[in-house]
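# Coordinate inspection notes
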Amino acid sequence: MDKQAIEALLGKIESTETASGNPRVQAIVNRIVRDLFMTIEEMDVQPDEFWKAASYLTEAGRNGEWGLIAAGLGFEHLLDLRLDEAEARQGISGGTPRTIEGPLYVAGAPESLGSARLDQDEQPGDVLFMQGQVRGADGKPVAGALVEVWHANHLGCYSFFDPSQSPYNLRRSIRTDADGRYRFRSKMPVGYSVPPGGSTDKLLKALGRHGTRPAHIHFFVTAPGHRKLTTQINIAGDPYLWDDFAFATREGLVPSMERIEDPASLRAQEVEAPYYSINFDFDLHAAQGDLPADQVNRDRFQA
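Residues numbered from 1 in each chain as written. Predicted model: local features only at pLDDT ≥ 70, side-chain atom pairs only at ≥ 80, totals over all residues. Heavy atoms only, no water.

Another aspect to go through is the pairing of strand β3 (residues 127-135). The two faces of the sheet receive side chains in turn, since in a regular strand these alternate between them. Counted residue by residue, β3 has 8 buried out of 9 residues, so it is predominantly covered. For β3 and strand β12 (residues 275-279), the ladder comprises 4 bridges, and the chain directions are parallel. The partner of leucine 128 across the bridge, within β12, is tyrosine 276. Taken together, the 2 bridges between β3 and strand β13 (residues 282-283) define a ladder with parallel strand orientation. By the bridge assignment for β13, arginine 135 is matched with aspartate 283. (Buried < 20%, exposed > 50% of the residue type's maximum accessible area, 1.4 Å probe, protein only. Helix = DSSP H or I, 4+ residues; strand = E, 2+ residues; numbered from the N terminus. Pairing = 2+ DSSP bridges.)

Bringing the nonpolar core into the picture now. Within soluble globular proteins, side chains that are nonpolar tend to cluster in buried spots. Residues Met130, Phe184, Phe219 and Phe282 are the most contacted members of the largest nonpolar core, which totals 28 residues. Looking at this core, the elements with two or more residues in it are β3, β4 (146-150), β6 (181-187), β9 (216-222), β10 (229-234) and β12. Not counting residues up to four positions away in its chain, the partners in contact with phenylalanine 219 are Met130, Val147, Glu148, Val149, Trp150, Phe184, Leu229, Thr230, Thr231, Gln232, Ile233 and Phe282. Counting 8 residues, the second largest nonpolar core, distinct from the first, contains Ile100, Leu204, Phe245 and Ala246. (Core = buried A, V, L, I, M, F, W, Y, C linked by side-chain atoms within 4.5 Å. Contact = heavy atoms within 4.5 Å.)

Moving on: the sheet that holds β9. The mixed open sheet is built from 5 strands, whose spatial order is β1-β5-β4-β9-β10. The outermost strands of the open sheet, each flanked by one partner alone, are β1 (111-113) and β10. Here the average twist between neighbouring strands, direction ignored, is 25 degrees. Pairing of β4 with β9 involves 5 bridges; the strand directions are antiparallel. When the bridges of β9 are listed, valine 147 appears paired with valine 221. (Axes fitted to C-alpha atoms, helices over the stretch in contact; angles between N-to-C directions.)

This part is about helix α3 (residues 47-63). Its 17 residues give α3 an end-to-end C-alpha distance of 24 Å, which sits within 8% of 24 Å, the value for a rise of 1.5 Å per residue. Taken together, the buried positions of α3 are occupied by Tyr56, Glu59 and Ala60. One side of α3 carries all its buried residues, which in axial view fall inside an arc of 100 degrees. Across α3 from its buried face, at more than 90 degrees, point the exposed residues Pro47, Trp51 and Arg62. Structurally, α3 contributes buried residues whose contacts are with α4 (66-72) and α6 (199-206). (Expected span 1.5 Å × (residues − 1). Arc of directions from axis to C-beta.)

Within the fold, histidine 285 resides in the segment after β13. Residue classification places histidine 285 among the buried positions, given a relative accessible area of 14%. Side-chain polar atoms of histidine 285 contact the backbone oxygen of glycine 94, separated by 3.1 Å. Discounting chain neighbours no more than four positions away, the residues touching histidine 285 are Glu87, Ile92, Ser93, Gly94, Gly95, Ala137, His226 and Arg227. (Polar contact = N/O pair within 3.5 Å; in protein donor to acceptor, adjacent residues only side chain to side chain.)

Glancing now at the environment of glycine 211. Turning to its location among the elements, glycine 211 is positioned in the loop between α6 and β8 (212-213). Remark: the alpha-carbon pair of glycine 211 and alanine 71, spanning 140 residues in sequence, is separated by 10 Å. Sequence-distant contacts of glycine 211, defined by excluding residues within four places in its chain, comprise Tyr192, Ser193, Val194, Leu204 and Phe245.

This brings us to the packing of helix α1 (residues 3-14) against helix α2 (residues 23-42). Remark: α1 packs on α2, axes separated minimally by 11 Å, with the N-to-C direction vectors making an angle of 150 degrees. One finds that α1 runs roughly antiparallel with respect to α2. Considering how the two elements wind past one another, α1 and α2 form a crossing that is right-handed. Where α1 approaches α2, its residues Lys3, Ile6, Glu7, Leu9, Leu10, Ile13 and Glu14 are matched on the opposing element by Asn30, Val33, Arg34, Phe37, Met38, Glu41 and Glu42. Residue classes in the contact of α1 with α2 are distributed as 7 nonpolar, 1 polar and 6 charged. (Parallel < 35°, antiparallel > 145°, perpendicular 65-115°, else oblique. Left-handed = near helix turned anticlockwise from the far one by under 90°. Nonpolar A, V, L, I, M, F, W, Y, C, P; charged D, E, K, R; others polar.)

Right under this line is the structure:
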């Protein structure tokens, strides 16, 4: 099709807009429509292909998999990198790297001071202790910071999304103590894949890609006067550590892990078998008014 004819059609469509519309929405939608028109023309997309894609988009929404698709196509990682650049332009560097939230956060996890136990349901697996300190931009400990933590169980499933788990299993909110420290006990998470046969799985297979994530633990870390940190740590040694379908693994987010076996330590931690220990500190940036918002407004599961 002649490019001038396409431009004429786009102009006709855009001419129907009025000042009552939202200028930001108009600009973004018109750009997307323009790019898709050109894609259809240049890739010779046929009507059957177009309507198959439309059906797929409907199915993905019905399955509630847009959060997975956004992560799998790299959109969520792109948003993180853009925030990194915005901070760098303002001279902000260092700190704990951010990485994707993912679609499985649930607000309202039970809160405790200093420490918590996440594994309220019985499940197999090695015991994991993780501990560290929250520090501000000045390097000083931040007392009263809120560390929200959540991760998958031994089957790669999350409470609330998995009816077999009790509410808030493997989810907690921990207020740091006077020295800015947090600590929790849990079970070692495992990697997992997107729902087999689901919308994300179909798309990734069509792209010749896998849909597996390495074992990881999610965190929100917030404190007055500091920018919110959205991040996760990955479990060292996972075969998909640097091949995460969601592109979330980043340097600085793969802490070393120690296996503890000596009897004295087992007794002190009140465990009967060897356990794993991870030390990890969170370094926050100071709040600054001329930066993009650190609180992301998105639809999240409501408990």
